[in-house]
Amino acid sequence: MVKMEKFFFEVIVVGSGLSAKTTIVSLFKKGIIPFWIENIQNYKINDDRTTMLSPKSFKMFKELGLKDFEKKSFPTKKINIKTQNQKNFTVFEDKKSLPICYLTENNVLHQELDTLISKIEKNKKLVKVKDEIRSIKSDSDSNEIVLKSGNKIYSSLIIGVDGANSKIRKIQNIKTKDHGIKKFGLVAIMEHETSHPNVSWQVFSETGILALLAKDIKPNKRAVSSLIWSLDKKQIDAIRNLPSKDFEKKVKEEFGSSLGDLHLISKINEWPIFRIDVPNPTGTRTVLLGDAAHSIYPLAGQGFNLAIGDILQITDTMLWAKERGLDLGSRVVLNKYVNNRKFWVNSVTKMTDSIDWFFSNTSNNSQNIFGSLLSVSNNFQPIKHQLVEIMKEN
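Since the model is a prediction, treat every value here as computed from it, not as a measurement.

Participant: Give a detailed account of the sheet that holds strand S4 (residues 74–76), specifying residues and quantitative values.
Facilitator: The pairing of strands in a sheet comes from backbone hydrogen bonds and takes either a parallel or an antiparallel form. Read across the open sheet, the three strands follow the order S3-S7-S4; overall the sheet is antiparallel. Every interior strand has two partners, whereas the edge strands, strand S3 (50–53) and S4, have only one. Shown here is a sheet whose adjacent strand axes are inclined to one another by a mean of 30°, direction ignored. Bridging between S3 and strand S7 (residues 101–105) involves four bridges; their strand directions are antiparallel. Bridging from a neighbouring strand, Leu53 pairs with Tyr102 of S7. With respect to the sheet, helix H3 (residues 106–122) is in contact with S3 and S7, its orientation differing from that of S7 by roughly 75°.

Participant: Describe the pairing of strand S13 (residues 199–205), and please don't skip the residues or the numbers.
Facilitator: Burial analysis of S13 places seven of its seven residues in the buried class, the great majority of the element. Residue alternation in S13 divides its side chains into two sets, Val199, Trp201, Val203 and Ser205 and Ser200, Gln202 and Phe204, and both sets are buried. Across six bridges, strand S5 (residues 78–83) lies against S13 in parallel orientation. Of the residues in S13, the one forming a bridge with Asn80 is Trp201.

Participant: Explain H3 to me, and be specific about the residues and the numbers.
Facilitator: Spanning 17 residues, H3 covers 24 Å between terminal C-alpha atoms, matching the ideal 24 Å at 1.5 Å per step. When we look at burial in H3, the residues that qualify are Asn106, Asn107, Val108, Leu109, His110, Glu112, Leu113, Leu116, Ile117, Ile120 and Glu121.

Participant: Which residues make up the packing of aromatic side chains, and what values go with them?
Facilitator: One pass over the structure, following the stated rule, counts nine aromatic pairs. Each ring, one from Phe61 and one from Phe69, has its centre 5.6 Å from the other, and the planes form 50°; the classification is tilted. When sorted by exposure, Phe61 lands in the same class as Phe69, which is buried. Both rings, one in Phe61 and one in Phe304, keep their centres 6.3 Å apart while their planes meet at 20°; by these two values the pair is stacked. Separated by 243 residues along the polypeptide, Phe61 in helix H2 (residues 55–64) and Phe304 in helix H7 (residues 302–323) bring together distant segments of the chain. Each member of the pair, Phe61 together with Phe304, is buried. Ring-pair connections join several aromatic residues into one group, and the members of that group are Phe58, Phe61, Phe69, Tyr102 and Phe304. In this structure, Lys82 packs its charged tip against the face of Phe89, placed 5.4 Å from the ring centre. Here the guanidinium or amino end of Lys336 rests over the ring plane of Trp320, the centre of that ring lying 4.6 Å away.

Participant: Outline the nonpolar core, supporting the account with residue identities and numerical values.
Facilitator: Ranked by internal contacts, the top residues of the largest apolar core, which has 40 residues, are Phe61, Ile159 and Met318. The greatest single-element share of this core, amounting to seven residues, is contributed by H7. With near-sequence residues (within four places) excluded, Met318 lies in contact with Val11, Leu27, Ile32, Leu157, Ile159 and Leu328. Counting 22 residues, the second-largest nonpolar core is a separate cluster that includes Phe184, Leu210, Ile239 and Ile268.

Participant: Outline the environment of Tyr337, listing residues and values.
Facilitator: With respect to the helices and strands, Tyr337 occurs in helix H8 (residues 331–361). Owing to a relative accessible area of 2%, Tyr337 belongs among the buried residues under this scheme. Between the C-alpha atom of Tyr337 and that of Val287, which follows or precedes it by 50 residues, the distance is 9.0 Å. Ignoring anything within four residues of it in the chain, the contact list for Tyr337 reads Val287, Leu288, Leu289, Asp310, Gln313, Ile314 and Thr317.

Participant: Kindly report on the pairing of strand S12 (residues 177–192), identifying the contributing residues and their values.
Facilitator: Looking at chain direction, S12 and strand S17 (residues 269–277) are connected through eight bridges and run antiparallel. When the sheet's bridge partners are listed, Lys183 is paired in S17 with Ile273. Two strands pair when backbone bridges link them, and S12 and strand S15 (residues 223–232) are joined in this way by ten bridges, in the antiparallel orientation. Looking at the pairing, Phe184 lines up with Leu231 of S15. Looking at chain direction, S12 and strand S16 (residues 262–264) are connected through three bridges and run antiparallel. Counterpart to Met190 in the pairing with S16 is Leu264.

Rules and cut-offs
- Residues numbered from 1 in each chain as written.
- Predicted model: local features only at pLDDT ≥ 70, side-chain atom pairs only at ≥ 80, totals over all residues.
- Heavy atoms only, no water.
- Pairing = 2+ DSSP bridges.
- Helix = DSSP H or I, 4+ residues; strand = E, 2+ residues; numbered from the N terminus.
- Axes fitted to C-alpha atoms, helices over the stretch in contact; angles between N-to-C directions.
- Contact = heavy atoms within 4.5 Å.
- Buried < 20%, exposed > 50% of the residue type's maximum accessible area, 1.4 Å probe, protein only.
- Expected span 1.5 Å × (residues − 1).
- Phe/Tyr/Trp six-rings, centres within 6.5 Å; stacked < 30°, edge-to-face > 60°.
- Lys NZ or Arg CZ within 6 Å of the ring centre and 35° of its normal.
- Core = buried A, V, L, I, M, F, W, Y, C linked by side-chain atoms within 4.5 Å.

Encoded structure:
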């Protein structure tokens, strides 16, 4: 850790997850050197989830210089979607057969970002402390931050990238609508009999959204996919504790026989799914990014892609401000950021909420009608291609 010599920093980033690390590296690459307050707990990251990155997000990570990131990611060129009662899948693919998204292991992203951050620290270009924020006083001139260690630091702008339970959001009294934890995600690795390279699958049913995301092909030519299954608390308690064979049977009942026999080849992990709305993710000299600003239901990795969009936008906004000699924490700069992000964030949030509500609260007949519409869309390629472009953008 670099020794602190100055107590005023233009930008302070708070957080310790993927979004926080990505923010640090993204700002550094654009010539903005932040001060980083990482969580005081010194624990090893073990995040066995996977993320579907849009081509835009994938390109950003490549440009950041992640060394082995590209060869450890798996492109999806087709996404097959259906309801549980629908016989056939509706196929979504790019008209030029380009990847729609890329499956990446979160642990790979952590390792690659940690390597880049270590290099920045060795060059004494990053000041980092492992500490907790005790209080913040913000006025028209600066933020005064008191740490648990007793140190005081000052900044023009605080970037809170500290997750759904954001302490920055609470301290700064940023208005929030917390819907609580109503769903959980089951995460596992499945091996399946039938191989469909670069194809991911998604089934909507009464129990939740079940996705099998294309990973690699093993030497025995059996395919491997990452399973993500969103369920409510009652369902997850029942399914998580099933013996392996019964779990495999349950997945096949939900998914169908398109992939042949399914075999569980990893432990099953569970993650809480927070649902939080933050109408205006800014406060006095403060901006929230990622889950701190919008925690949504998972649908094809939209949550993390929204975070990447936040990072790209705040970086561009800060460069715009610096070119004009503006105070990075000023209201004019924060308003510009919010105005450029709110439409897309609100659109994706409403879309994921609507899909979750529909399959949680409507009858089988209504869901059958939705399945019929999916089937009919197979005959309207322009509509499907437009939907694919939306998927690729975020």
